[in-house]
Each structure stands twice: as C-alpha cells, then as structure tokens.
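# Structural features, examined
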Amino acid sequence: MVVSVRSWVANEGGKHFVLILWLGVNTWLFISSFLLYFTGQEYHYLYKMLGLGLCISRASASVLNLNCSLVLLPMCRSLVTFVRGTRTISSRKTRRLLDKCKTFHVACGVAICIFSVMHVSAHLVNVVRFSVRYSDDFPALNLARYRGEDPMLIILTTIPGVTGVLLVLILFLMFISSSYCVRMSNYEIFWYTHNLFIVFYVILMMHMVGGALKYQTNVEAHPPGCFRANQSSTEQQGDELDTSEEEERRCSEDAHFQPHYPQTWLWVSGPLCLYCVERFYRYIQSRDPVTIVTVIRHPCDVVELRMLKKNFKARPGQYILLNCPGVSSFENHPFTLTMCPTENKETLGIHLRVVGDWTERFTQLLLPEPRIDMEILPMAQQRRYPKVYVDGPFGGPSEEVFNYDVSLCVAGGIGVTPFACVLRALLDGWMGFRLQRLYFVWVCKELQSFYWFAELLCALHHKLWNENRPDYFNVKLYISQPDSLQILRTPPTRGRCFTDREKLQRSLKCSCWHITLRAQPQHVFQTVPLNRLTQLCPALVAFKLDTTLL
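Here's what I pulled together on the structure shown here. (Residues numbered from 1 in each chain as written. Predicted model: local features only at pLDDT ≥ 70, side-chain atom pairs only at ≥ 80, totals over all residues. Heavy atoms only, no water.)

## A closer look at the nonpolar core
Here is the rule: Nonpolar core, defined: a set of buried Ala, Val, Leu, Ile, Met, Phe, Trp, Tyr and Cys residues in which side-chain atoms within 4.5 Å join the residues together. Here's how the labels work: a residue is buried when its accessible area is under 20% of the maximum for its type, exposed when over 50%, partly exposed in between, all with a 1.4 Å probe on protein chains only. In this text, helices come from DSSP runs of H or I with a minimum length of four residues, and strands from runs of E with a minimum of two, each type numbered from the N-terminal end. Contact between two residues is taken to exist if any of their heavy atoms lie within 4.5 Å; hydrogens are not considered.
Ranked by size, the top nonpolar core spans 29 residues in total, and within it Leu 423, Leu 438, Phe 440, Trp 442, Phe 453 and Phe 473 carry the most contacts. Within the residue set of this core, elements represented by two or more residues are strand S9 (406–412), helix H17 (417–427), strand S10 (437–444), helix H18 (454–466) and strand S11 (473–479). The greatest single-element share of this core, amounting to six residues, is contributed by H17. If we ignore the near neighbours within four places in the chain, the residues touching Leu 438 are Val 401, Ser 407, Cys 409, Leu 423, Leu 426, Tyr 472, Phe 473 and Asn 474. If you look at the next biggest cluster of nonpolar residues, it comprises 28 residues, including Met 75, Phe 115, Leu 171 and Leu 204.

See below:
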C-alpha cells in the first residue's frame with residue numbers, strides 16, 4: 001500500500017497538483033469577481049437594475065479571460081520542446097508535466113465552453129432586465145433606448161451583442177468538431193474549424209468595446225442611496241428622518257456613469273503574441289521543402305518515407321508535422337520519427353499507416369499506380385515526388401526512455417514508431433545516456449506487421465550479442481489474431497508462438513513477472529490504449545501502477 005501511494009505521488013502527483021492549482025485559481029477568480037459586483041458601491045445602481053445576472057456574467061467573464069489566455073500556451077510546441085530539452089531548467093517531474101500539455105489544453109477548452117454557457121445565459125437575463133427595468137432616474141445607465149424595447153433588437157444593434165453572437169457560433173463549431181467521432185470520421189472538419197480561433201480572438205478583443213455595463217465614477221460625491229435635490233426622504237425611505245440626518249445624506253451632485261475599460265486584451269495579448277511569434281518561427285524553419293530519398297511500401301498498408309532536410313536535428317522519441325500541398329495546403333499531420341539524423345547519416349524517416357483520406361491521397365502521390373502506356377524509363381527518371389514540408393521536431397514522452405536505468409516499452413501495432421527510433425539509436429551507437437536495460441513488448445494483430453522493423457530488431461540483437469550484452473535488450477512479440485498465422489507453412493523453429501487469447505494473457509503475465517524479478521523498471525512507456533492494454537495484458541497495467549519513479 002505504501003509503495004502504491006508513493007508510486008501514485010511520483011507518477012500522478014504533479015499532474016493533480018497543477019489541476020488543483022488551476023481549479024483553485026478559477027474558483028478564486030469567480031468568487032472574487034462575484035463579490036465585487038455584489039457588494040461594490042460603484043455597481044449599486046447597476047446591481048439594482050440587473051440583479052444576480054450582473055454578478056454571474058462578470059464572474060464567468062473573469063474565468064473566461066484566464067482560460068482564453070492559458071489555452072494557447074500548451075500549443076506553443078517549439079517553446080514546450082525547448083523547455084523539455086533544457087535540462088538545467090526542467091527536471092524529470094517538469095518534463096512529465098509537459099507530456100500532459102494536450103490534456104491541459106483540452107481542460108481549458110472545456111472550461112471555456114462551460115463558462116461561456118454561464119456567461120451567455122446571464123447576459124440574456126440582463127438584456128431582458130435592461131428592457132423591463134429601464135431607469136428614468138439614470139438614463140446613462142441604460143443599454144435599452146426606451147422601456148420595453150425588444151431584447152433581440154438590443155442584441156443585434158449593439159457591438160457586445162453582435163460580437164457575442166459571433167463568438168457563440170464560432171465556439172459552438174469548434175466544440176462540436178472537437179468531439180472524438182468527428183475527428184475520427186473527418187479530420188479536415190476538425191482542422192479547419194479549430195483554426196477559427198484566430199477570428200475568435202479578434203472578435204473577443206472587440207467584445208467589450210461597446211461598453212454595455214457601466215460603473216459609477218463619483219461614489220464619494222454621490223453615495224449610493226443618497227437623496228437627490230428633487231427627492232425627499234419620505235419618497236426615498238418611506239419614513240421621517242431628522243433634518244440633520246437628511247442633510248448628511250443629501251447628494252452633492254448627480255451620479256455619473258462610465259463604461260468599463262476593456263480588460264480582455266490585457267489577459268490575451270501576451271499569450272497570443274507569444275503564440276504568433278512561435279508560429280512565425282516555425283514557418284521560417286519549415287518554409288523549404290524536404291528532399292524525399294526513399295519511399296518503401298510495407299505490409300499491412302504501412303509506408304516508410306525517408307527524407308533529407310538541411311540543419312535538421314532531432315532526438316529519439318520526437319515527432320514532426322508533415323504538410324503536403326498536393327493533398328491539402330493547410331493540414332499538418334503529426335508523425336513520430338522512426339529514424340533520426342546522425343553524424344554519419346542525415347536521413348530522417350517516418351512510418352505512416354494508410355487510414356483516412358489524407359494518408360490515402362498522400363500515398364497515391366508518393367506511389368502512383370503504374371500506367372500501362374508509360375514508356376519504360378530508369379527509376380530515377382520515373383519517380384516524381386510531391387512537395388513535402390516538415391515542421392519540427394517536437395518533444396514527446398518517449399524521449400525519457402534513455403533517462404532511466406531500466407525502461408519497459410509497450411507498443412500496439414503502428415504505435416511502435418516512437419520506440420523504433422529508440423532502438424535505431426541503440427543500433428547507431430548513441431552514447432551518454434543512463435539506460436542499462438530495455439524491455440520491449442510489441443503486440444500486433446497480424447504477423448506481417450512485424451516485418452516493419454524486423455531488420456532493425458535482428459540487427460540490434462546481433463550487435464548486442466557480439467558485444468556480449470545479450471541481456472541489455474529483451475524483446476517480447478505477441479499476435480492478437482491467430483488467423484494471420486495460417487500463412488506459415490511450417491511452424492517456427494525457435495521461440496514460442498502464442499495464438500490463443502487465454503494463452504496470450506497467461507504468457508504476458510508470465511513475461512511481466514519474469515521482468516519484475518530480473519530488473520525493476522523505473523518507468524513504463526506505452527503507446528497502446530489503456531483499455532486495449534487491459535484486455536491483452538492486465539498484468540502490465542497492474543505492474544505500471546506499482547512502479548516507483550526514482
């Protein structure tokens with residue numbers, strides 16, 4: 001139990017601390033803004049007109065300002081990669097937190113959606129009350145032009161109303177297209193609607209220009225509830241007061257009201273400028289197309305792409321964003337590097353699985369169907385590759401494999417690509433890392449999938465064997481669909497081949513416990529989804545929870 005708690009604190013404590021801190025700041029902002037408008041003397045007359053709708057709308061606006069500024073920071077990929085790579089700045093716990101950047105981005109997005117609903121609902125109530133509770137005593141406080149004005153007309157004829165409607169429409173499109181089903185079925189919709197954030201921020205900074213809500217500027221000369229020159233104490237209070245008391249509460253001047261100075265840009269401008277500078281830097285870095293060296297078609301609809309790019313430096317475990325104008329000029333798709341440039345070889349490589357419209361069209365451009373009437377020419381003259389631009393590299397969790405004495409890597413299918421680059425680094429003789437032993441578990445549906453990196457696995461095994469380090473690298477390969485084994489005419493001569501799901505789970509349990517007895521891994525890296533991992537290897541999941549990071 002003590003080990004489990006210590007392990008949870010080491011693995012998940014930092015993430016939950018940041019989450020609690022973020023929730024605490026949001027709560028503090030909401031409550032403090034609510035109380036300011038509820039008890040503030042400068043908002044006395046506005047509160048009498050609008051009621052709690054004023055407090056809720058402004059409190060939710062404060063939370064929206066915070067999250068609209070924070071939501072951009074996790075998407076500054078170059079900045080996050082720089083912090084991750086600076087060992088003097090970022091510790092291991094900090095780098096583990098940086099792995100959750102996307103999760104924090106989603107959390108901020110959900111908070112924006114929730115508090116936007118609250119903000120819009122409160123303002124709809126405010127618009128109705130502006131119309132119904134029109135103030136004849138303080139005309140400057142009114143948003144409506146006359147008592148009983150149509151609330152819809154107020155919304156459509158004011159800058160805050162029109163910009164608010166546009167913001168709601170854009171946010172609704174971004175929220176719907178961000179759902180899992182839309183992203184999986186049509187990634188292009190998600191990509192294009194998500195880029196509406198530029199329009200969103202421009203309209204957001206215009207939202208407060210109209211000055212719908214006003215505060216009193218002369219509270220000392222006109223205390224809230226004082227008697228005006230043409231108003232008696234009986235009319236104000238309904239009871240008689242002494243002349244001295246009446247004189248003390250007499251207003252020295254009429255109330256003056258002024259719109260709030262727009263504050264949204266104070267929250268948003270810093271992160272927005274940082275994001276724009278980062279994007280401009282990435283554009284400069286990726287403006288030149290790469291040179292495609294080789295395209296290899298592998299079994300199970302996997303294509304390997306090897307490229308050359310000037311001054312490109314990357315570490316194992318990082319990923320790049322690929323852009324092909326021949327398919328789509330605005331879409332960038334992430335792919336993990338399976339080959340990093342070295343001193344002897346400047347080639348970088350990726351493996352992509354042909355699933356979806358973009359990868360299908362991209363593969364057709366890379367490997368077009370041969371034409372029957374085409375004259376036979378040498379391969380160098382036949383092949384014309386499309387223009388491809390590479391943005392990156394960017395940091396990923398798999399970079400940390402080398403920073404532990406013992407690491408356990410678990411991959412499912414094409415999710416092996418981050419670890420392929422790690423294995424290639426070991427094969428190329430990378431030095432100066434801490435890793436002393438690596439366990440590698442790879443689960444695939446079909447036997448042919450192992451051919452993607454069969455040469456790499458054999459070459460690394462042969463290299464370590466010749467260096468008299470056979471225990472440095474331990475491999476476990478498993479197949480989840482036994483139908484693919486029917487292509488084998490003869491049974492394998494070495495090793496065991498597990499086909500039955502029950503046997504597979506038993507073998508995984510045995511191998512997991514075998515691993516724990518030989519060496520205690522300090523970190524578990526997985527690319528297979530957790531629910532899939534639970535079905536195939538429950539022992540690995542339990543083992544991960546009991547692993548303590550040192």
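## Description of the packing of aromatic side chains
Where we set the bar: Here the aromatic set is Phe, Tyr and Trp, taking the six-membered ring for Trp, and pairing holds for ring centres within 6.5 Å; pairs whose planes are under 30 degrees apart are stacked, those over 60 apart are edge-to-face, and all others are tilted.
Evaluated as defined, the whole model comprises 21 aromatic pairs. With a centroid separation of 6.2 Å and an interplanar angle of 80°, the aromatic rings of Tyr 45 and Phe 257 are classed as edge-to-face. Taken as a pair, Tyr 45 in helix H2 (residues 44–50) and Phe 257 in strand S2 (residues 257–259) lie far apart in primary sequence, 212 residues in all. Pair check on accessibility: Tyr 45 and Phe 257 agree, each one buried. Between Trp 442 and Phe 450, the ring centres sit 5.1 Å apart and the planes meet at 85°, which makes this aromatic pair edge-to-face. Just as Trp 442 is buried, Phe 450 falls in that class too. Aromatic rings pair up to connect Phe 419, Phe 440, Trp 442, Phe 450, Trp 452, Phe 453 and Phe 473 into one cluster.

## Side note on helix H3 (residues 52–70)
So the rule is basically this: What a helix should span is 1.5 Å times the count of its residues minus one.
Between the first and last C-alpha of H3 there are 28 Å, a value that for 19 residues agrees with the 27 Å anticipated at 1.5 Å per step. Counting buried positions along H3 gives 17 out of 19 residues, so the element sits mostly inside the fold.

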